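What the coordinates show
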Amino acid sequence: MAGKIKKLGFGAMRLPLTNPEDKTSIDYEELNKMVDLFMQAGFCYFDTAYLYHNECSEGALKKALVERYDRDSYILADKMPTVIVKSADEYPVYFERQLERTGVEYFDYYLMHNMGKDRYKKTKELDGFTFAMKKKEEGKIRNFGFSFHDDAETLDGILTAHPEVDFVQLQINYLDWENEIIQSRKCYETAAAHKKPVIVMEPVKGGTLAALPEAAQALLEQHGPGVSAASYALRFAAGLDNVMMVLSGMSSAAQVAENIRTMDDPQPLDGKERELLAEIVELINQRTSIPCTSCGYCMEVCPKNIAIPGLFGLYNNYKINGNFSKMYHERITFGKGRASDCIACGKCVKNCPQHLQVPGYLRDIAALEG
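The text that follows walks through the structure, step by step, so that each part is easy to find. Predicted model only: the values in this text are computed from it and were never measured.

Side note on the overall build of the protein chain
For the protein chain, the helix and strand inventory stands at 17 helices and eight strands. Relative to a compact globule of 370 residues, whose C-alpha radius of gyration would be 21 Å, the protein chain shows 20 Å and is just as compact. Structurally, the protein chain occupies a C-alpha span of about 55 × 45 × 45 Å along its principal axes. A burial count over the protein chain gives 51% of its 370 residues as buried.

And the structure:
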């Protein structure tokens, strides 16, 4: 693909829906508009995964992108669903299924999904990295890496053991930059030390940095009237020297258009803007009770199908404005478990990229459910 690749990537984990309660109800009319707008503006990187949208994300991109555009006009990234792989024999099964679902013959970027201490241990035992490198030799993978949610020490260990990887995908945003759990800065610096380019995920932290508390939004409005809060978060990530791509999970054509305006030629943050973002971090940390990114990994393993990310978002809003909305609670839990259904099995804690003590938070929310 000729020319310099623009840094905004289309994350296919929050696609538009015709029914907000059904993750499989992809709104293809809206999605087609989004893909067209994105491509026509000169952007071309798309990121999906086996489990996104209840296993419908890959197929959605096949319909909206692969069947409508030439293969050499876009870059497609996909991920091995490490959370459900039980044996080495399953790697080729899932991989071939992903090729079929997406309708492509190769992946430009392919990742082992959500590496951390536990997931890496399992992948190492099953020789997952060797499998991926064989696929790279066959031409089925052009660039191989992994997405990562853990501490910098663990990242350093993986990159030291696997110098063959081409890139690493990290959670980076200005709110998590100095967070001692997420360790955005430390992980970024570790990747740079290993000379691995970084793809950024969660630059807006699941929407947290797009819908700021009123006091924080007022600070930004004073500095740049009419400038979106999300644009500052995207520019923060894009301005890092070792970042090759910034992913954004977009749900509407309006969001695509807004992100295009920011990322067509992203300007580095100036000193005043960095000071403002530092103030906003302080404000959010004072107000936000649960630092959840709404990735949904907890729900992959919850035996009671509790709507954990939604309930956490509702609780965070309650902590900010004092309103535990019964209407939104009913919508969030429709067809799913309530916080009071939690049996404290701990599976969610092991699967949570943020290492949140989920059962404890659910007990607090259960007390408000009535």
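Considering the packing of aromatic side chains
Applying the stated criterion across every chain yields a total of 22 aromatic pairs. For the pair Y120 and F129, a centre-to-centre distance of 6.0 Å together with 90 degrees between the ring planes defines the contact as edge-to-face. Each member of the pair, Y120 as well as F129, is classed as buried. Each ring, one from W177 and one from Y188, has its centre 5.8 Å from the other, and the planes form 50 degrees; the classification is tilted. A residue pair is termed long-range when its members are at least 10 positions apart, and W177 in the loop between β6 (167-171) and α8 (184-193) and Y188 in helix α8 qualify at 11 residues. With respect to burial, W177 and Y188 carry one shared label: buried.

Regarding α8
Of all the residues in α8, the buried ones are S184, C187, Y188, T190 and A191. For α8, the angular spread of buried residues about the axis comes to 160 degrees, placing them on one side. Turning to α8, the residues buried within the fold contact β5 (141-148), α7 (152-161), β6, β7 (198-201) and β8 (243-249). Backbone geometry just downstream of α8 places K195 in the positive-phi region, at approximately 60 degrees.

Section: the sheet that holds β6
One closed barrel accounts for eight strands, arranged β1-β2-β3-β4-β5-β6-β7-β8; its pairing is parallel. Ignoring strand direction, the axes of neighbouring strands in this sheet form an average angle of 30 degrees. Sheet strands touched by α8: β5, β6, β7 and β8. Its angle to β6, the strand with the most contacts, is close to 170 degrees.

Overview of the pattern of salt bridges
With the rule as written, the count across this model stands at 19 salt bridges. When the shortest N-O distance is used, the salt bridge between R14 and E202 registers 3.6 Å. Taken together, the residues span a long stretch of sequence, with R14 in the loop between β1 (8-11) and α1 (28-40) and E202 in the loop between β7 and α9 (214-223) at a distance of 188 residues. Taking the relative accessible area as the measure of exposure, R14 reaches 22% and is therefore partly exposed. Given the relative accessible area of 10%, E202 is considered buried. For K135, the salt bridge is made with E96, and the minimal N-O distance between the two is 3.8 Å. With K135 in helix α6 (residues 128-137) and E96 in helix α4 (residues 90-102), this pair connects stretches of sequence that are 39 residues apart.

Some points on the packing of α7 against α8
Closest axis-to-axis distance for the α7/α8 pair is 9 Å, and the angle between their directions is 20 degrees. Here α7 is positioned roughly parallel relative to α8, judged by the angle of their axes. Seen along the crossing, α7 lies across α8 with a hand that is right-handed. Where α7 approaches α8, its residues A152, L155, D156 and L159 are matched on the opposing element by K186, C187, T190 and A191. Residues of the contact of α7 with α8, tallied by class, amount to five nonpolar, one polar and two charged.

Some details on helix α12 (residues 271-287)
Between the first and last C-alpha of α12 there are 25 Å, a value that for 17 residues agrees with the 24 Å anticipated at 1.5 Å per step. When α12 is considered as a whole, its buried residues turn out to be E273, L276, L277, I280, V281 and I284. Each buried residue of α12 sits inside an arc of 150 degrees when the element is viewed along its axis, so together they form one side. Those residues of α12 that are exposed and aimed more than 90 degrees away from the buried face are E275 and Q286.

Here we look at the nonpolar core
In this structure, F46 and F146 are the most contacted members of the largest nonpolar core, which totals 94 residues. Sorting elements by how many residues they give to this core places helix α10 (residues 229-238) first, with eight residues. Grouped together as the second largest cluster of nonpolar side chains are 18 residues, I308, L311, F312 and V358 included.

Let's talk about unusual backbone geometry
At H53, a position not held by glycine, the phi torsion is positive, near 55 degrees. Structurally, H53 is set in helix α2 (residues 52-55). Not every positive phi belongs to a glycine, and A344 is a case in point at roughly 55 degrees. The residue A344 is located in the loop between α15 (326-333) and α16 (347-351) in this model. A residue is classified by how much of its surface remains accessible, and A344, at 48% relative accessible area, is partly exposed.

Some words on the packing of helix α3 (residues 57-66) against α4
It is the contact of α3 with α4, at a shortest axis distance of 7 Å, that shows an interaxial angle of 40 degrees. Mapping the contact onto sequence places E58, G59, K62 and V66 in α3 and Q98, E100, R101 and T102 in α4. Per-class residue counts for the contact of α3 with α4 are one nonpolar, three polar and four charged.

Re the pairing of β1
Side-chain alternation along β1 places L8 and F10 on one buried face and G9 and G11 on a second face that is also buried. Sheet analysis places β1 next to β8, joined by four bridges and oriented parallel. Within β8, the residue paired with G9 across the bridge is L247. Bridge count for β1 against strand β2 (residues 45-47) is three bridges, and the pairing is parallel. Paired with G9 across the bridge in β2 is Y45. Tracing the backbone out of β1, into α1 and back to the parallel element β2 gives a crossover that is right-handed.

Conventions used here
- Residues numbered from 1 in each chain as written.
- Predicted model: local features only at pLDDT ≥ 70, side-chain atom pairs only at ≥ 80, totals over all residues.
- Heavy atoms only, no water.
- Helix = DSSP H or I, 4+ residues; strand = E, 2+ residues; numbered from the N terminus.
- Rg over C-alpha atoms; globule rule 2.2 N^0.38 Å.
- Buried < 20%, exposed > 50% of the residue type's maximum accessible area, 1.4 Å probe, protein only.
- Phe/Tyr/Trp six-rings, centres within 6.5 Å; stacked < 30°, edge-to-face > 60°.
- Arc of directions from axis to C-beta.
- Contact = heavy atoms within 4.5 Å.
- Pairing = 2+ DSSP bridges.
- Axes fitted to C-alpha atoms, helices over the stretch in contact; angles between N-to-C directions.
- Salt bridge = Lys/Arg side-chain N within 4 Å of Asp/Glu carboxyl O.
- Parallel < 35°, antiparallel > 145°, perpendicular 65-115°, else oblique.
- Left-handed = near helix turned anticlockwise from the far one by under 90°.
- Nonpolar A, V, L, I, M, F, W, Y, C, P; charged D, E, K, R; others polar.
- Expected span 1.5 Å × (residues − 1).
- Core = buried A, V, L, I, M, F, W, Y, C linked by side-chain atoms within 4.5 Å.
- Right-handed = clockwise from strand over helix to strand, strands pointing away.

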